[in-house]
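Below, each chain spelled out in residue letters.
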Amino acid sequence: MVRPVKKLAIVLAAGLGKRMKSRLPKVLHPVCGKPMVAHVLHAVREAGCERAVVVIGRGAPEVQAALGDAAEYALQPEPLGTGHAVMQAEPLLAGEDGVTLVVCGDTPLITARTIEAMFDLHRESGAAATILTAHVNDPAGYGRVVRDAAGTVERIVEDKDCGPEERAIREINAGAYCFDTRRLFAALKNLTADNAQGEYYLTDVIGILRREGGTVAAYRTPDPDEIEGVNDRAALAKAQRLMRRRILLGHMANGVTVVDPDHTYIDADVKIGEDTVIYPGTHLKSGTVIGRDCTIGPGCDLAGTAVGDGTTVRYTVAEGAVIGNACNVGPFAYLRPGTRIGDHVRVGDFVEIKNSVIGDHSKVPHLSYVGDAAVGSRVNIGCGVITANYDGHNKFRTEIGDGAFIGSNVNLVAPVKIGRDAYVVAGSTITHDVGEGDVAIARERQVNKPGYAEKLRARALSRKNQANSQSNINR
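Residues numbered from 1 in each chain as written. Predicted model: local features only at pLDDT ≥ 70, side-chain atom pairs only at ≥ 80, totals over all residues. Heavy atoms only, no water.

Glancing now at unusual backbone geometry. With an omega of 5°, the peptide bond between glycine 297 and proline 298 qualifies as cis. Within the fold, proline 298 resides in the loop between β18 (295-296) and β19 (301-303). A cis amide bond links glycine 330 to the next residue, proline 331, at an omega of 5°. Following the sequence through the fold, proline 331 ends up in the loop between β24 (328-329) and β25 (333-335). With a phi angle near 45°, tyrosine 315 is a residue other than glycine that sits in the positive phi range. When you line up the elements, tyrosine 315 lands in the loop between β21 (312-313) and β22 (316-319). One non-glycine residue, aspartate 372, adopts positive backbone phi at about 55°. (Helix = DSSP H or I, 4+ residues; strand = E, 2+ residues; numbered from the N terminus.)

A few words on the nonpolar core. Counting residues in hydrophobic clusters, the biggest one holds 95 residues, and the most contacted among them are Val44, Ile296 and Ile418. Dropping the residues within four chain positions of it, isoleucine 296 is found in contact with Thr276, Val277, Ile278, Tyr279, Thr282, Leu284, Ile290, Leu302, Val307, Thr311 and Val313. Of all hydrophobic cores here, the second largest spans 31 residues; its members include Val86, Ala89, Ile131 and Ala187. (Core = buried A, V, L, I, M, F, W, Y, C linked by side-chain atoms within 4.5 Å. Buried < 20%, exposed > 50% of the residue type's maximum accessible area, 1.4 Å probe, protein only. Contact = heavy atoms within 4.5 Å.)

This part takes up the packing of helix α1 (residues 36-46) against helix α5 (residues 112-125). The contact between α1 and α5 brings their axes to 8 Å, and the two run at 50°. Here α1 lies oblique to α5, going by the angle between them. For the pair α1 and α5, the sense of crossing is right-handed. The residues of α5 that touch α1, namely those facing Ala43, Val44 and Glu46, are Ala112, Ile115 and Glu116. (Axes fitted to C-alpha atoms, helices over the stretch in contact; angles between N-to-C directions. Parallel < 35°, antiparallel > 145°, perpendicular 65-115°, else oblique. Left-handed = near helix turned anticlockwise from the far one by under 90°.)

Pasting the structure below:
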């Protein structure tokens, strides 16, 4: 039985990214909710690479913090070219047998499918190196793939070093390569910086391997979008658009209706169940999970939020929230971190909930704030109810038992407990616990003074006239 070839990867992530004009390392700029280098690393792992070394330079601590233990790291202390960057991985990988993929960390659209195809071609052809290429209408900025009369790859010429004939070539080097690992590091020792940039080019390894008698294979991707490198903000926006389209097509293929793909924004790791409908103006951000048969949008912004089956969410902002099954949320609700909503719950317009649990079949229909509270099941919270949870220094809890009724315009001054099946009369300010089944009234008794309204108006008019007279004197 043929032993599987060990797959390794080197991800180049040490570039300065000057054209981004940013304090953030280029490879950490997000594309659909993930740093672009994280997209590359995900594709590498999905393609079966057992080890992945990320070569870092500028912003090394930030890159390591973002990727954590998902990779090994090699430091390129000076930006002396792609060949020099790969040299930094030698202490980690030079002793390995197998095939090493080298790929750029600023190509977030590359897929595991393409990487697997490169590995397969490399193995089947017995090549010393396999390069990823693409045919494009405008090759400016890319290295050109130069072939001989038989169509065999001879060398790659960087854009700045191209002569007139080479500049006319439309087959470009996509910046990803497969090498026999041992031959790669042996060839790197023969690199020189004899070029316009004074750098060590990884592409020169192709010519070295050819002179040693090795063959070079080329896998041409059928989708040139995959090899789009991100070097400035315009390219970042284009990558976002292409990635977003890919994500949306994937969800639609899995049974999700996206009413208007041009105005729907879904991050890479979002999960959505079948027969859910997503309306335009919706942003589903990283960590969000949507169940089956839901209606989401229009105008929702959900981040790190879980939504159960059969739930409708409209014009709502939610972050770090959990919404149960068969709920109705919005319009214009705000669910802050720590919100946990049970099943069959109604959260209406202009309701804000923070760090609170709302039990099954409860209702918070409109114009209320619920913060740091535990609300039982089948509770009705009337219009304008406020849990006064903060005294300027500390946060306090409010507890509302099952079946309780909280009337409109009630202030619950925490810490306070409302018992099961209790009734709090509208307009009350509650500062003490209410027992199970009790009725609480906490408001001043109304006093009517017949005919007194005219006296109040006359008094107010007199004060106004006095103020106007004083103003005229001061002039």
